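# Chains, contacts and geometry: an overview
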Amino acid sequence: MSKSVTILTGFLGSGKTTFLNALLIAKKDKKFAIIENEFGQEGIDGELVMKPDDSLFEMNNGCLCCTLNDNIYEILSELNSRNQEYDELLIETTGIADPAGVANPFFGNSEIKRDFSVKRVVCLIDVALILDQLKNTEEAIKQIVFADVLLLNKTASVTEAHLNEIKETLEKLNPFAKVFKENDGQFPIDKIYATERDQDFKTGGKDTSHDHKSGHHHHGDIASLSFVFDKPFNEKELQMRLFGYLVFEAKDLYRVKGIIHAKDIEHRLILQSVGQSLVITGGRKWDEGEEKKSRIVFIGKHLDKSLFEQMLNGSLAE
Ligand SMILES: Nc1nc2c(ncn2[C@@H]2O[C@H](COP(=O)(O)OP(=O)(O)OP(=O)(O)O)[C@@H](O)[C@H]2O)c(=O)[nH]1
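Worth saying up front: this structure is predicted, and the values here are computed from it rather than measured. (Residues numbered from 1 in each chain as written. Predicted model: local features only at pLDDT ≥ 70, side-chain atom pairs only at ≥ 80, totals over all residues. Heavy atoms only, no water.)

Moving on, we get to helix α8 (residues 160-173). An α-helical turn contains 3.6 residues, so a residue and the one three or four places further along point in the same direction. Compared with the 20 Å implied by 1.5 Å per residue over 14 residues, the 20 Å span of α8 between its first and last C-alpha is a close match. Those residues of α8 not exposed but buried are Leu 163, Ile 166 and Leu 170. With its buried residues spanning 60° around the axis, α8 presents them on a single face. In this structure, α8 carries Ala 161 and Lys 172 as exposed residues pointing more than 90 degrees from its buried face. Against the buried residues of α8 lie β5 (116-126), α6 (130-136), α7 (138-146), β6 (149-153) and β7 (178-181). (Helix = DSSP H or I, 4+ residues; strand = E, 2+ residues; numbered from the N terminus. Expected span 1.5 Å × (residues − 1). Buried < 20%, exposed > 50% of the residue type's maximum accessible area, 1.4 Å probe, protein only. Arc of directions from axis to C-beta. Contact = heavy atoms within 4.5 Å.)

Next comes the structure, spelled out in structure tokens:
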């Protein structure tokens, strides 16, 4: 029997990993294989997903809509040979992936079509940022247009009127998708799960190929900068400098994610920033003898590497 596939899409920082974790908790009775992909060399999302076991296939350094097309056959064939070990497949795309490109192998290759069935493409929407994202990026539009489920997220951050305006805009872009709202931080997972892609009506069978054959990225001028540090950070200094950067310089910085080793702190610090917000929380404890490295990824346009280097180097502990 073919395995059900759910594809999670949504612009950078819209809440895909948060949703994925909520899904894993809500569907504890199922065993998921997860393909996690991120834009930027340092794989971070893999650490943020609460792994149910080792069923996590992570591919770094590229966008799923490009690299997955090269690796997907290998990955899916491995998944197939281990098909007794899991029930369903979840794919979290990068925040700038074109989901049509990601789904393409599932619709275009007969063997894959036999073994895997895309049940739904869920697009997370950051309601505070989506209208700007739609103005500024083509990817946000492509993600919405391709989805079966549009999930309005971070709804507490906007007024009801704004939410309705967004809903209207989205329904114009994709009248076929079901629109759900996150409700007080609770995702309506069962309702989303009950939504299945209509294979005939949607892109199934159509040629969804796109122009990524060369492996070259066509994501406008969005780029990522990744940094790895062996030396520990000074938490306060890092927080202060990053916050200053976000407030004064961050116009074209869409996303910051980091796993931080800070001096005198025995667990990881998880650094998250979308727009101008900056949140630092405690992560997993470092294991005994584990090599403690910090990894930070910045995603945006016109990023000045030397400025980030300066900021980060200046935040290292003495
Ligand atoms: N206020 C609020 N914050 C949220 C909500 N969902 C996610 N976040 C926060 O938004 C940030 C981004 O969430 P992620 O789940 O990592 O987003 P993502 O889409 O996986 O991010 P990328 O992989 O970079 O594209 C994190 O700091 C989350 O804690 C929400 O419903 N409300």
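Within soluble globular proteins, side chains that are nonpolar generally end up buried alongside one another. Grouped together as the largest cluster of nonpolar side chains are 44 residues, with contacts concentrated most on Leu 79, Leu 89, Phe 106, Phe 116 and Leu 150. A domain-level breakdown of this core finds at least three residues from each of domain 1 (3-194) and domain 2 (222-313). In this structure Phe 116 touches Ser 2, Lys 3, Val 5, Leu 76, Leu 79, Tyr 86, Leu 89 and Phe 106, once residues within four positions along its chain are discounted. By size, the runner-up hydrophobic cluster in this structure holds 24 residues, among which are Phe 229, Ala 250, Leu 271 and Leu 278. (Core = buried A, V, L, I, M, F, W, Y, C linked by side-chain atoms within 4.5 Å. Domains from an automatic or database assignment.)

Position of Ser 273 relative to the elements: it lies in strand β10 (residues 267-274). On the basis of relative accessibility, which here comes to 1%, the residue Ser 273 falls in the buried class. In this structure Ser 273 touches Leu 246, Tyr 254, Arg 255, Val 256 and Leu 278, once residues within four positions along its chain are discounted.

Let us look at the site of the ligand. Around the ligand, 18 residues are found, and the nearest of them are Lys 16, Thr 17, Thr 18, Asn 153 and Arg 255. In the environment of the ligand, an oxygen atom lies 2.7 Å from a nitrogen or oxygen atom belonging to the side chain of Lys 16. A distance of 3.1 Å is found between an oxygen atom of the ligand and a side-chain nitrogen or oxygen belonging to Glu 182. Contact with the protein chains removes 76% of the 650 Å² of surface that the ligand exposes when unbound. Counting residues per element, the ones that place at least two in the shell around the ligand are α1 (16-26), β9 (253-260) and β10. Ranked by residues supplied to the shell around the ligand, first place goes to α1 with three residues. Residues of the shell around the ligand, tallied by class, amount to three nonpolar, eight polar and seven charged. Residues lining the shell around the ligand come from more than one domain, with at least three contributed by each of domain 1 (3-194) and domain 2 (222-313). (Near = heavy atom within 4 Å. Polar contact = N/O pair within 3.5 Å; in protein donor to acceptor, adjacent residues only side chain to side chain. Areas by Shrake-Rupley, 256 points an atom, 1.4 Å probe, with all protein chains shown as cover. Nonpolar A, V, L, I, M, F, W, Y, C, P; charged D, E, K, R; others polar.)

Our next topic: α7. Glu 139, Ala 140, Gln 143, Ile 144 and Phe 146 are the residues of α7 that are buried. Taken together, the buried residues of α7 touch β1 (3-10), α4 (99-108), β5, α6, β6 and α8.

All right, on to the packing of helix α10 (residues 235-249) against helix α11 (residues 305-313) then. At a minimum axis separation of 9 Å, α10 and α11 run at an interaxial angle of 150°. One way to sum up the angle between α10 and α11 is to call them roughly antiparallel. Across the interface between the two elements, Leu 238, Arg 241, Leu 242, Tyr 245 and Glu 249 of α10 pack against Leu 307, Phe 308, Gln 310, Met 311 and Leu 312 of α11. Considered class by class, the residues forming the contact of α10 with α11 number seven nonpolar, one polar and two charged. (Axes fitted to C-alpha atoms, helices over the stretch in contact; angles between N-to-C directions. Parallel < 35°, antiparallel > 145°, perpendicular 65-115°, else oblique.)

Counted under the stated rule, the structure contains seven aromatic pairs. Ring plane angle 90° and centroid distance 5.1 Å describe the contact between Phe 19 and Phe 187, whose orientation is recorded as edge-to-face. On the criterion of sequence distance, the pair formed by Phe 19 in helix α1 and Phe 187 in the loop between β7 and α9 (189-194) is long-range, its members being 168 residues apart. Residue Phe 19 shares its accessibility class with Phe 187, and that shared class is buried. Relative to Phe 298, the ring of Phe 227 has its centre 5.9 Å away and its plane inclined at 80°; by these criteria the two rings are edge-to-face. With Phe 227 in strand β8 (residues 222-229) and Phe 298 in strand β12 (residues 294-301), this pair connects stretches of sequence that are 71 residues apart. (Phe/Tyr/Trp six-rings, centres within 6.5 Å; stacked < 30°, edge-to-face > 60°.)

What follows is about the environment of Glu 111. Residue position: Glu 111 is located in helix α5 (residues 110-115). Residue Glu 111 is classed as exposed on the basis of its relative accessible area of 53%. Once the C-alpha coordinates of Glu 111 and Tyr 73 are considered, the two residues, 38 residues apart in sequence, prove to be 9.8 Å apart.

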